[in-house]
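Below are the chains, spelled out letter by letter.
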Amino acid sequence: MENLVEKDLSYIWHPCSQMKDYETLPPIIIDHARGTRLYDIEGNEYIDIISSWWCNLLGHCNPKINERIKAQLDSLEHVIFANFSHRPAIELCEELMKIVPKGLQKFNFADNGSASVECALKMAFQFQAQTGHAERKGFMCLSEGYHGETVGALSVGSMDLYAKIYQPMLMEATHVEAPDCYRCPYGKTRENCSCECFEHMERAFSERAKETAAVIVEPLLQGSAGMRIYPPLYLKKLRQLCDETGVLLIVDEIATGFGRTGKMFACDHAGITPDIMCISKALTGGYMPMAITVTTQRIYDAFYADYSEGKAFMHSHTYSGNPLACSAALAVQQIMREEHILEKAQQMAVYLHEKMTERFAEHKNVGEIRHIGLINAMELVADKKTKSPLDSKRRTGYQIYKKALKEGLLLRPLGDVLYFNPPLNIDKETLDLAIEKCDCAMRAILD
Ligand SMILES: *Cc1c(COP(=O)(O)O)cnc(C)c1O
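The structure reproduced in this document is the subject of the present report. Predicted model only: the values in this text are computed from it and were never measured. (Residues numbered from 1 in each chain as written. Predicted model: local features only at pLDDT ≥ 70, side-chain atom pairs only at ≥ 80, totals over all residues. Heavy atoms only, no water.)

1. Considering the side chain of S280
Here's step 1: With respect to the helices and strands, S280 occurs in the loop between β11 (276–279) and β12 (291–296).
Here's step 2: At a separation of 2.7 Å, a polar atom in the side chain of S280 contacts the main-chain carbonyl oxygen of M290.
Here's step 3: Those residues in contact with S280, other than ones at most four positions away along the chain, are N112, G113, I254, F258, M290 and A291. (Helix = DSSP H or I, 4+ residues; strand = E, 2+ residues; numbered from the N terminus. Polar contact = N/O pair within 3.5 Å; in protein donor to acceptor, adjacent residues only side chain to side chain. Contact = heavy atoms within 4.5 Å.)

2. Focus: the pattern of salt bridges
Here's step 1: Evaluated as defined, the whole model comprises 23 salt bridges.
Here's step 2: Here R359 makes a salt bridge to E436, at a shortest N to O gap of 2.9 Å. Linking R359 in helix α13 (residues 341–360) with E436 in helix α15 (residues 428–446), this pair joins segments that are 77 residues apart in sequence.
Here's step 3: Since its relative accessible area comes to 33%, R359 is described here as partly exposed.
Here's step 4: Note that E407 and K403 form a salt bridge whose closest N and O atoms lie 4.0 Å from each other. With a gap of 4 residues between them, E407 and K403 both fall in helix α14 (residues 396–407), about one helical turn apart.
Here's step 5: Given the relative accessible area of 25%, E407 is considered partly exposed.
Here's step 6: Three or more residues joined by partner-sharing salt bridges are found here, namely R183, R190, E368, R370 and E379. (Salt bridge = Lys/Arg side-chain N within 4 Å of Asp/Glu carboxyl O. Buried < 20%, exposed > 50% of the residue type's maximum accessible area, 1.4 Å probe, protein only.)

3. Quick word on the sheet that holds strand β5 (residues 138–142)
Here's step 1: A sheet is described by the order of its strands in space; here 7 strands give the open sequence β4-β12-β11-β10-β7-β5-β6, paired in mixed fashion. Sheet topology places β4 (104–110) and β6 (174–176) at the edges, where each strand pairs with a single neighbour. On average, adjacent strands in this sheet sit at an angle of 20 degrees to one another, irrespective of strand direction.
Here's step 2: Here 4 bridges tie strand β7 (residues 212–217) to strand β10 (residues 248–252), and the two strands are oriented parallel to one another. Of the residues in β10, the one forming a bridge with V215 is L249.
Here's step 3: Sheet contacts for helix α5 (residues 113–130): β4, β5, β7, β10, β11 and β12; angle to β12, the most-contacted strand, approximately 25 degrees. (Pairing = 2+ DSSP bridges. Axes fitted to C-alpha atoms, helices over the stretch in contact; angles between N-to-C directions.)

4. Topic: the sheet that holds strand β3 (residues 45–48)
Here's step 1: Spatial ordering of the open sheet is given by β1-β2-β3-β16, a layout of 4 strands whose pairing is mixed. One side of each edge strand has no neighbouring strand; the edge strands of this open sheet are β1 (30–34) and β16 (409–410).
Here's step 2: Summarising the sheet, β1 and strand β2 (residues 37–40) pair through 4 bridges and their orientation is antiparallel. Bridged to A33 within β2 is L38.
Here's step 3: α15 rests against β2, β3 and β16 of the sheet, and its axis sits at about 105 degrees to β3.

5. Quick look at the packing of helix α3 (residues 63–73) against helix α12 (residues 323–338)
Here's step 1: The interhelical angle for the contact between α3 and α12, taken along N-to-C directions, is 145 degrees, at an axis separation of 8 Å. Crossing handedness for the pair α3 and α12: right-handed. Of the residues in α12, those touching α3 at K64, I65, R68, I69, Q72 and L73 are P323, L324, S327, A328, L330, A331, V332, Q334, I335 and E338.
Here's step 2: Residues that form the contact of α3 with α12 fall into these classes: 10 nonpolar, 3 polar and 3 charged. (Left-handed = near helix turned anticlockwise from the far one by under 90°. Nonpolar A, V, L, I, M, F, W, Y, C, P; charged D, E, K, R; others polar.)

Have a look at this one:
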């Protein structure tokens, strides 16, 4: 048999990887996939409980999505999106208008999440400059935030793991201490707090609002930080503070959008409308790279003028509005609606959290099982009372990951946080099986 692993390692530099680790964990070569299952070339089966990096929304090789892309392929694969347009993009915007927070109505297409964040930052900056606020140049963000890997997105991200080495080349931003509900410094819980931690944001605003173009946050769920979950009240307060000060609110729904948190968008839990919203990942069901920066009429209007005024948003990506990606996204919306995906996922979320609690809550190293929608994350700690972390040098999460792969489960923890973030149409049997496999891997490493 041709040695695909050897060839892979001789050519490919994999994302977010220390390639030396591949000496002991060679790349797993996937041959095909169906629903929640991945199958490698050796015939092993894996449950994809993390939705292939949070993007697969309705299962792999979903027949309805496949069909729609195939149909589109025979009429138009791609066309320049400046001055030109096509049915799939127009219909997609019409569909999205029905579900995005009220007031968002202009759609600017890009081809990945980071690019949509860059677009949002530039849009906010230019909006301020063109509405008499050239002094509003800065950005605020939350500590432990993550918005992608490009230089602008990294600048408003706060995770040392991804950003530290590049610090000298990043733009300055104000990093505000984020909510930390598991280790709440005020001794409150998500259920009984009044977001006392919002005082950090208030202080930052009182010092910096006048020189700030926008604040960017991951709504309710700081994914890369270890699925840190905070209450909707925080977003409500932030919306209000932005309204009072003229700072724009950018909400990065790239990970949270399309039902991941139990509502269509995380913003819906707080009933707020951001000035700019970034969506990607589940947008195409995890099929094609596409992202959209969605904004309001008010922001759009600040760029609308005679050409000679130089107010246009001179921002573009070659693959903007790709028709195949739009078709995938259209199929996703149709399935969501016709199959009542959101309602079913809400019910399944209750089931999953019950089962997770039953199985793992008493485990000596499980500090917290936090959950929102179908997302359930277990933070592993050395001591449940003190909440002291495990020794990071032991790479416990990574060891469990490797063991789980042997069991046929794709977990890919964030440090020592293990999480499930499955497709919304996953069934009970698969969840039960995933819990079983996860437990097995944990016992092998932790006991
Ligand atoms: C994944 C992600 C991004 C980056 O998207 P890419 O398509 O990987 O560039 C940005 N923000 C959040 C919250 C994400 O989860």
